[in-house]
Amino acid sequence: MAHPSNASRTDKWSSLLSRLNPVPGFAEYTGPYKVGTVDVEIPVSELDSPAPAPDNAADIETIQFRIFYPALPDAQGKGITWLPAPQRDHLSAYIQFLGIGALVAQAVSFLPRHLHYTSIPVVKNAPLLEPNTPNKRWPTVIFSHGLGGSRNAYSQIVGSLASHGVVVICPEHRDGSAVASFVRIPSQQHRYFVRNTRRVVPYNRIPHESTDEVHALRNDQLRIRLWEMGLVHDAVLRIDRGQALTNLNRSTPSLAHFVGQLHVHEPGSIIFAGHSFGSATAVQFLKSVFYAGRPELEAMQEPLYTPSRDSSICRQITPRNVTILLDMWCFPLLAKSTKPLFDLPLPVYADSPPVPSSRPSPSPSPSPSYSSPSLPPSSSSSSAPAPGGNALLAIASGDFFKWKEHLHATARTLSPDPSSAGPISAAAFYEERPFGARGVKLPEPHFFYVAQSAHLSQSDFGVLFPWLTRKVFGSQEPDRALRLNRRAILQMLRANGVPVARTWSADLVDGTDGGKGEGKRLDADAETAACTAAGEGGADGTVATIGGDAQGESEGVDGGGSKDDADVVPPLVATDRGPDDGIHDDRAILDRSGHGVVDAWQWIDIVGMGEWKDADGAAAADGDAAEAQESDMAGVIEPRATEDVATSEVAKAAATATTTAV
């Protein structure tokens, strides 16, 4: 076995890079259920696309997604590594994505022994837990990733949802926005050797400039993303029905345990979510489907997505689809060519069908291989008021909150009438809604931000690279950002009748990392809420204790290399007292009083927003103002660890390490 020629130099770099590189395993999820996962890649030829394939999708022969889901409590098996296979190619892609220069590139050469084995706390191919929900089906989310993401890159958010009783589908987009993606060529899968059986889709770094050409490039990406979303929906329906599909990912032996277990057939049942570009994808997908056939969309010269109005996806999208938008990036929504789409409100604000004469019947077309769930009488009623902002959760990072021009554009996107001129008025929620009954007031959206958080904080990167996130991107306590996001998502699902498990007591604690550490005191308001929900009196001195060890496995996949058991550090475990260790009504997290009930968490009132004024008080269209600042925010949206910054921070780390050693 070869050894480094200069062991002391290697040890020095390893010590310094312990601040940069990731933990070998994430903390265990805080929900009461164990989490399983499967990897899926299905030939497009086996699916029915609701819309024609875009011209730039000719080489995309498959769709790929990972599923996170509640698993049997005694499920045993291998874990998975955070880096997807092939790992070395993904590691190289991440280094290039971050724009790391020569100095840090040399340092990063030591990272593979850590990053290759960084594991996600799931059980690969675990049996699905039988649903304990009222309709005997698990709530289901489709989650779209942002720039530089992958089907694994949001494992902390989506895996946590799975641990609370939600099945989450995570597509990996092949539009050049994933850090790298590998398309298995269906016709070449009979080959014994892997070489030449895959086609790589590299990351496409597009300038952050407000030009028609750049908007056209982003729209090309959106066309692929929306087409993929429609295909993923079709695949999920077929999986639930038990219809035969070819899974080219041979590490997944079967999808049979999902048959009849997913709440995906009832109109409005699927939850749509995303981060950054993924949030913009969810917005354009929901609007393109819900308003399909409207004259203003039919008149668009280059539409993004034109699903058939008798397709299953058009039956699915209603005002009742819960929508979760994490740090939505608005630039992809602001192209002049797609302004008719921008001017339409999100479906949650529409009381009446957008195309009454041609909207398809909401009843699904069951297959003999599964039993269709019964629909409640009100689920497809066009006379019922829309849920409005109650079904819409948007969470901004501190980065995007401070970007005021963009914040106004976000507010307009979340409003009941994005086309209106001037600031958003309170009347927009009842008297002036374009698709609503006058006099029926709808709630404002749940719109919050996490103080001192970075755009990356809602992905896994903040936890993987906490030192880098703090020093280079200015984020504080990445675990806190994830915890607040988790609390808000769970409570918003409860508010919309989606059955999810309790919020764990320690998630109400400020400063806990969900792993090893000392017990922390609950925030006063959270503590009161917890005790009230539990039917207890005071909770003076209540402490949530965190600690414990666990044995876990991580898996080196397709070129990750081999390892000894001694090299594996098991994921940190949050000690849990069971399914009742927490609260089932976390009302504090959705408080709109503006009094800062929860630390580092603040509601954003969009009334009065939507119009940006410059230093001289002159009004400017919020979209135009946001676009003008796009290039200045490029390093936030698409982070790059520049050579100067990296050199400075590594030097500081060296000085700190030396001082500590002395």
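Residues numbered from 1 in each chain as written. Predicted model: local features only at pLDDT ≥ 70, side-chain atom pairs only at ≥ 80, totals over all residues. Heavy atoms only, no water.

### Overview of the overall build of the protein chain
Link 1 in the chain: Along the backbone of the protein chain there are 19 helices and 20 strands.
Link 2 in the chain: Excluding contacts between residues fewer than 6 apart, the proportion of contacts in the protein chain whose partners are at least 24 apart in sequence is 82%.
Link 3 in the chain: For the protein chain, the computed accessible surface area is about 25800 Å², with 51% contributed by carbon and sulfur atoms. (Helix = DSSP H or I, 4+ residues; strand = E, 2+ residues; numbered from the N terminus. Contact = heavy atoms within 4.5 Å. Areas by Shrake-Rupley, 256 points an atom, 1.4 Å probe, with all protein chains shown as cover.)

### Looking at the pairing of strand 6 (residues 140-144)
Link 1 in the chain: Burial runs high along strand 6: five of the five residues are buried.
Link 2 in the chain: Here strand 6 shows two buried faces, one formed by Thr-140, Ile-142 and Ser-144 and the other by Val-141 and Phe-143.
Link 3 in the chain: Bridge count between strand 6 and strand 7 (residues 167-171): three bridges; the pairing is parallel. The partner of Ile-142 across the bridge, within strand 7, is Ile-169.
Link 4 in the chain: Since strand 6 and strand 7 lie parallel, the crossover through helix 5 (residues 155-163) that links them has a hand, and here it is right-handed.
Link 5 in the chain: As paired strands, strand 6 and strand 10 (residues 271-275) are joined by four bridges and run parallel to one another. For Ser-144, the partnering residue across the bridge sits in strand 10 and is Gly-274. (Buried < 20%, exposed > 50% of the residue type's maximum accessible area, 1.4 Å probe, protein only. Pairing = 2+ DSSP bridges. Right-handed = clockwise from strand over helix to strand, strands pointing away.)

### Describing the packing of aromatic side chains
Link 1 in the chain: Taken as a whole and judged by the stated rule, the model has 16 aromatic pairs.
Link 2 in the chain: Seen in terms of ring centroids, Phe-290 and Tyr-291 are 5.0 Å apart; in terms of plane orientation they differ by 85°. Their pairing is edge-to-face. Both residues of the pair, Phe-290 and Tyr-291, count as buried.
Link 3 in the chain: Ring centres 3.7 Å apart and planes at 5° place the aromatic pair Phe-401 and Tyr-449 in the stacked group. A residue pair is termed long-range when its members are at least 10 positions apart, and Phe-401 in helix 11 (residues 398-402) and Tyr-449 in strand 13 (residues 446-450) qualify at 48 residues. Each member of the pair Phe-401 and Tyr-449 is classed as buried.
Link 4 in the chain: Through a chain of ring-to-ring contacts, three or more aromatic side chains come together here, namely Trp-82, Tyr-94 and Phe-461.
Link 5 in the chain: Geometry around Phe-342 places Lys-287 over its ring, the cationic atom sitting 5.6 Å from the centre. (Phe/Tyr/Trp six-rings, centres within 6.5 Å; stacked < 30°, edge-to-face > 60°. Lys NZ or Arg CZ within 6 Å of the ring centre and 35° of its normal.)

### With respect to the pattern of salt bridges
When their charged atoms lie close together, side chains carrying opposite charge are able to pair.
Link 1 in the chain: In the structure shown here, the tally under the stated rule is 19 salt bridges.
Link 2 in the chain: Here Asp-175 ties to Arg-225 by a salt bridge, and the two come within 2.9 Å at their closest N and O atoms. Taken together, the residues Asp-175 in the loop between strand 7 and strand 8 (180-184) and Arg-225 in helix 6 (residues 212-241) connect sequence positions 50 residues apart.
Link 3 in the chain: Asp-175 gets classed as buried once you look at its relative accessible area, which sits at 7%.
Link 4 in the chain: A relative accessible area of 0% means that Arg-225 is categorised as buried.
Link 5 in the chain: Note that Asp-586 and Arg-487 form a salt bridge whose closest N and O atoms lie 2.8 Å from each other. Note that Asp-586 is positioned in the loop between strand 17 (582-583) and strand 18 (601-603) and Arg-487 in helix 15 (residues 478-495), a separation of 99 residues in sequence.
Link 6 in the chain: What makes Asp-586 buried here is its relative accessible area of 0%. (Salt bridge = Lys/Arg side-chain N within 4 Å of Asp/Glu carboxyl O.)

### Some thoughts on the packing of helix 5 against helix 15
Link 1 in the chain: In contact at an axis separation of 10 Å, helix 5 and helix 15 are set at 40° when each is read in the N-to-C sense. Taken together, the axes of helix 5 and helix 15 are oblique relative to one another. Like other packed secondary-structure pairs, helix 5 and helix 15 cross with a definite hand, here right-handed. Between helix 5 and helix 15, the residues in contact are Gln-156, Ile-157, Ser-160 and Leu-161 and Leu-482, Asn-485, Arg-486, Ile-489, Leu-490 and Leu-493, respectively.
Link 2 in the chain: A breakdown of the residues in the contact of helix 5 with helix 15 according to their chemical character gives six nonpolar, three polar and one charged. (Axes fitted to C-alpha atoms, helices over the stretch in contact; angles between N-to-C directions. Parallel < 35°, antiparallel > 145°, perpendicular 65-115°, else oblique. Left-handed = near helix turned anticlockwise from the far one by under 90°. Nonpolar A, V, L, I, M, F, W, Y, C, P; charged D, E, K, R; others polar.)

### Let's talk about the confidence of the model for the protein chain
Link 1 in the chain: Residue-level pLDDT values for the protein chain average 80, and 72% of them are 70 or greater.
Link 2 in the chain: A low-confidence stretch, residues 357-382 stays under pLDDT 50, and its non-local contacts, those more than four residues away or across chains, total 46 contacts.
Link 3 in the chain: The low-confidence segment residues 511-574, where pLDDT is below 50, has 124 contacts with residues more than four positions distant or belonging to other chains. (pLDDT = per-residue confidence, 0-100.)

### Remarks on the sheet that holds strand 7
Link 1 in the chain: If you walk across this open sheet you meet the ten strands as 5-1-2-7-6-10-11-12-13-18, and the pairing is mixed. Only two strands of the sheet have a single neighbouring strand rather than two, namely strand 5 (123-124) and strand 18.
Link 2 in the chain: Bridge analysis of strand 12 (residues 392-397) against strand 13 gives five bridges, and the strand direction is parallel. Bridging from a neighbouring strand, Ser-397 pairs with Val-450 of strand 13.
Link 3 in the chain: Helix 6 contacts strand 1 (34-43), strand 2 (62-71), strand 6, strand 7 and strand 10 of the sheet and is inclined by roughly 50° relative to strand 2.

### Quick look at the nonpolar core
Link 1 in the chain: With 157 residues, the main nonpolar core has Phe-65, Trp-82, Ile-324 and Leu-493 as its most contacted residues.
Link 2 in the chain: The greatest single-element share of this core, amounting to twelve residues, is contributed by helix 6.
Link 3 in the chain: For Leu-493, the contacting residues outside a window of four places in its chain are Leu-161, Val-166, Ile-271, Val-322, Ile-324, Val-498 and Val-500. (Core = buried A, V, L, I, M, F, W, Y, C linked by side-chain atoms within 4.5 Å.)

### Notes on helix 12 (residues 404-413)
Link 1 in the chain: The element helix 12 is extensively covered by neighbouring structure, given that nine of its ten residues are classed as buried.
Link 2 in the chain: Glu-405, His-406, Leu-407, His-408, Ala-409, Thr-410, Ala-411, Arg-412 and Thr-413 are the residues of helix 12 that are buried.

### Some points on the environment of Phe-143
Link 1 in the chain: As for its position among the elements, Phe-143 is in strand 6.
Link 2 in the chain: Classification of Phe-143 as buried rests on a relative accessible area of 4%.
Link 3 in the chain: In sequence terms Phe-143 and Glu-172 are 29 residues apart; their C-alpha atoms lie 9.7 Å from each other.

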